[in-house]
Amino acid sequence: MKSVKLLLLQFIIVCLSSSAFANVPRPDHIVVCVLENHGYNQVIGSSFAPYINQLSTMGANMVEYYALTHPSQPNYLMLFSGGNQGVTTDNLPVGTPWTTPNLGASLINAGFSFSGFSEDLPSTGSLVGASGSYGRKHSPWINWQGSGLNQISAGVNFTMDNFPSDFNLLPDVSFVIPNMDNDMHNGVDPARISSGDAWVYANLSTYVNWTMQHNSLLILLFDEDNNNNSNHIPCLFVGPMVQSGNYSSNGYDHYDLLRTIEDIYGLPYAGNSATARTIEEIWLTNKVNDLPSVEINSVIYPSPVTDNNSIIKLSGQSKKFLSVKVQIYDVLGNLTRTDVFSNMDSRSIPFRKENLNNGIYFYRLVDSEKLIGTGKIIVD
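Here goes a summary of the coordinates provided.

1. Things to note about the overall build of the protein
Right, so step 1: Of regular secondary structure, the protein possesses 7 helices and 19 strands.
Right, so step 2: Residues classed as buried in the protein amount to 56% of the 380 residues present.
Right, so step 3: Total accessible area on the protein stands at roughly 15400 Å², and carbon and sulfur atoms take up 52% of it.

Shown next, in the form of structure tokens:
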């Protein structure tokens, strides 16, 4: 039975999360997927990563997001605990299990749930350093696996086979780590980019579709770049609480992402997240109107689209369109339809369900060959 002190602590945290952190919405589930060793320009805009690029259109694309160091392992530790814990290499850490603050323990101590899912991990709770294409260096929570202060039970260190098909069974926060054949680590470009993109689609696209009706979130990012891009890496947020667009006004990093997740759940700040910045401008609850990549904001109404009577509502500009194209893409980035409208006013554009199967699509608004707006469509 939980102690009175623990129950009181959880009550205080809930109160804080509904007040001090009110500008950051709380999804029902967050899945964080980390890929490997590619810079922003290697992936975003690449024809070899069609699904990841579709996610960048569907959600919030953090145009200015940076890893913190090289090589891989310290970046994972910084993302998970706000510091490298004295680790500067990919070698198996010493002195574990550690007792320092970290995201997993903070969630569990506050009454939330956390799990890590690692592809090719030999078994639940395994402490092995390598197995097949699995590398422990990419699964940071294992370094706190124990029963002491700030430590995490072996029972939440799962293989990828344990990732539930019923997403309602997911913990509040989970990390998903592909093996090194599937996270763009092993092999050569562009083949490994294509393989990683295909893995994300095969393993997480169903979850992405599910999030749109279940108040949940995918965060997809890379641990570091390839040493040639100033550690400038992709980071995407995809979920119904996210305002889609390209965000380039702030140069965020792993500490900022950790702090953002901590703020979502009203958790204490671990390590350097205490002086980091919360990512606030991407959330729909903040009514963001400043999307650097486009001239206007737009949204489908009503949503989901069920007939030919929907509209794309526009805001953020006042001109009349002489001609505007509405380009519709499927989840793989294939152009499925282009509608052209002439002499449209600045408030809305008609949208037809015609010839679209149920599912998720994305649209681009193009005026005189210039991209002026983007958004997602749920067809039911």
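2. Observations regarding the nonpolar core
Right, so step 1: Counting residues in each nonpolar core, the largest one holds 85 residues, and the members touching the most others are Leu55, Met62, Phe175, Ile219 and Phe237.
Right, so step 2: Excluding anything up to four places from it in sequence, Ile219 contacts Ile30, Val31, Val32, Cys33, Cys235, Leu236, Phe237, Leu257 and Ile261.
Right, so step 3: Counting 17 residues, the second largest nonpolar core, distinct from the first, contains Ile300, Val324, Ile328 and Val379.

3. Considerations on the side chain of Asn231
Right, so step 1: By the secondary structure assignment, Asn231 is in the loop between strand 9 (216-222) and strand 10 (235-238).
Right, so step 2: The contacts of Asn231, once residues within four sequence positions are left out, are Tyr65, Tyr66, Ala67, Leu68, Thr69, His70, Glu224 and Asp225.

4. Describing the packing of helix 4 (residues 72-81) against helix 7 (residues 254-264)
Right, so step 1: Orientation of helix 4 relative to helix 7, taken along the N-to-C sense of each, is 30°, at an axis distance of 7 Å. Here helix 4 lies roughly parallel to helix 7, going by the angle between them. Crossing hand, helix 4 versus helix 7: right-handed. Contacts from Asn75, Met78, Leu79, Phe80 and Ser81 in helix 4 reach His254, Tyr255, Leu257 and Leu258 in helix 7.

5. Description of the pattern of salt bridges
Right, so step 1: Here the structure, examined in full by the defined rule, presents 7 salt bridges.
Right, so step 2: When the shortest N-O distance is used, the salt bridge between Lys137 and Asp90 registers 3.8 Å. Within this pair, whereas Lys137 is found in the loop between strand 6 (134-135) and strand 7 (157-159), its partner Asp90 is found in the loop between helix 4 and helix 5 (103-109), the two being separated by 47 residues in sequence.
Right, so step 3: In this structure Asp90 comes out as partly exposed when scored by relative accessible area, which is 28%.
Right, so step 4: Of the charged contacts in the structure, one is a salt bridge between Asp339 and Arg337, with a shortest N-O distance of 3.1 Å.
Right, so step 5: Linked through salt bridges whose partners overlap, the residues forming this network are Arg337, Asp339, Arg352 and Glu354.

6. Some details on helix 6 (residues 191-211)
Right, so step 1: Relative to the 30 Å expected for 21 residues at 1.5 Å per residue, helix 6 spans 29 Å between its end C-alpha atoms, a close match to the ideal helical length.
Right, so step 2: Bending of helix 6 peaks at approximately 55° at the position of Leu204.
Right, so step 3: Those residues of helix 6 lying buried are Arg192, Ile193, Gly196, Asp197, Trp199, Val200, Leu204, Ser205, Tyr207, Val208, Trp210 and Thr211.

7. So, the sheet that holds strand 2 (residues 60-62)
Right, so step 1: What the 8 strands build is an open sheet, ordered 7-4-8-1-9-10-2-11; its pairing is mixed. Unpaired on one side and paired on the other, strand 7 and strand 11 (245-247) mark the two borders of the sheet. Neighbour to neighbour, the strand axes of the sheet diverge by 20° on average, direction disregarded.
Right, so step 2: Looking at chain direction, strand 2 and strand 10 are connected through 2 bridges and run antiparallel. Across the sheet, Ala60 pairs through a bridge with Phe237, a residue of strand 10.
Right, so step 3: Packing of helix 3 (residues 50-58) onto the sheet brings it into contact with strand 1 (29-35), strand 2, strand 9, strand 10 and strand 11, and relative to strand 10 it is tilted by some 60°.

8. Description of the packing of aromatic side chains
We describe a pair of aromatic rings using the distance from one ring centre to the other and the angle between the two ring planes.
Right, so step 1: Evaluation of the coordinates by the stated rule reveals 17 aromatic pairs.
Right, so step 2: Through a chain of ring-to-ring contacts, the aromatic side chains of Phe80, Trp98, Phe114, Trp141, Trp144 and Phe175 assemble into a single cluster.
Right, so step 3: Residue placement shows Arg259 over the ring face of Tyr269; its charged tip is 4.0 Å from the ring centre.
Right, so step 4: The ring centre of Phe351 lies 5.6 Å from the NZ or CZ of Arg337, which sits over that ring.

9. Regarding the environment of His232
Right, so step 1: Tracing the backbone shows His232 in the loop between strand 9 and strand 10.
Right, so step 2: Linking His232 and Leu68, residues 164 residues apart in sequence, is a C-alpha distance of 9.5 Å.

10. Quick notes on the pairing of strand 18 (residues 359-367)
Right, so step 1: Judged by how many residues are buried, strand 18 sits mostly within the fold: 7 of 9 residues are covered.
Right, so step 2: Note: strand 18 against strand 19 (residues 370-379), 9 bridges, orientation antiparallel. From the neighbouring strand, Gly359 faces strand 19, where its bridge partner is Val379.

11. Some thoughts on the side chain of Asp263
Right, so step 1: Turning to its location among the elements, Asp263 is positioned in helix 7.
Right, so step 2: Among the polar contacts listed, one links the side chain of Asp263 to the side chain of Tyr269, at a separation of 2.5 Å.

Each value, and the rule that gives it
Residue numbering note: each chain is counted from 1, following its sequence as written. Per-residue local features are limited, in this predicted model, to residues with pLDDT of at least 70; the limit for side-chain atom pairs, both in listing and counting, is 80 or more; totals at the level of whole chains, interfaces and linings are taken over all residues. The side-chain figures draw on all heavy atoms in the structure; neither hydrogens nor water molecules are used. Starting at the N terminus, helices and strands are each numbered in turn, a helix being any DSSP run of H or I of at least four residues and a strand any DSSP run of E of at least two. Burial here depends on accessible area, computed with a 1.4 Å probe over protein chains only, as a share of the maximum for the residue type. Under 20% is buried, over 50% is exposed, and the range in between is partly exposed. The accessible surface values rely on the Shrake-Rupley method and a 1.4 Å probe; as for residues, cover is taken only from the protein chains in view. The set of buried Ala, Val, Leu, Ile, Met, Phe, Trp, Tyr and Cys residues whose side-chain atoms join them within 4.5 Å is what this entry labels a nonpolar core. Contacts are residue-level and defined by heavy atoms, with any inter-residue pair within 4.5 Å sufficient. What counts as an axis is a line fitted to C-alpha atoms, over the stretch in contact for a helix, and the angles between N-to-C directions run from 0 to 180 degrees. Under this scheme an angle from 65 to 115 degrees is roughly perpendicular, one under 35 degrees roughly parallel, and one over 145 degrees roughly antiparallel; angles in between are oblique. The crossing is said to be left-handed when, going from far helix to near helix, the turn is anticlockwise and less than a right angle, and right-handed when the turn is clockwise. Throughout this description, the term salt bridge denotes a Lys or Arg side-chain nitrogen within 4 Å of a carboxyl oxygen of Asp or Glu. Helix span, as expected, comes to 1.5 Å for every residue beyond the first. One axis fitted to the seven residues ending at a residue, another fitted to the seven starting there: the angle between these axes is the bend at that residue. Pairing between strands is defined by DSSP: at least two bridges between the two strands are required. Centre distance within 6.5 Å is the pairing criterion for rings of Phe, Tyr and Trp, where only the six-membered ring of Trp is used; planes under 30 degrees apart are then read as stacked, over 60 as edge-to-face, and the remainder as tilted. Counting as a charge over the ring demands two things of the Lys NZ or Arg CZ atom: a distance within 6 Å of the ring centre and an angle within 35 degrees of the ring normal. In protein, a polar contact requires one atom able to donate a hydrogen and another able to accept it; more generally it is a pair of N or O atoms within 3.5 Å, and residues adjacent in sequence count only if both atoms are side-chain atoms.

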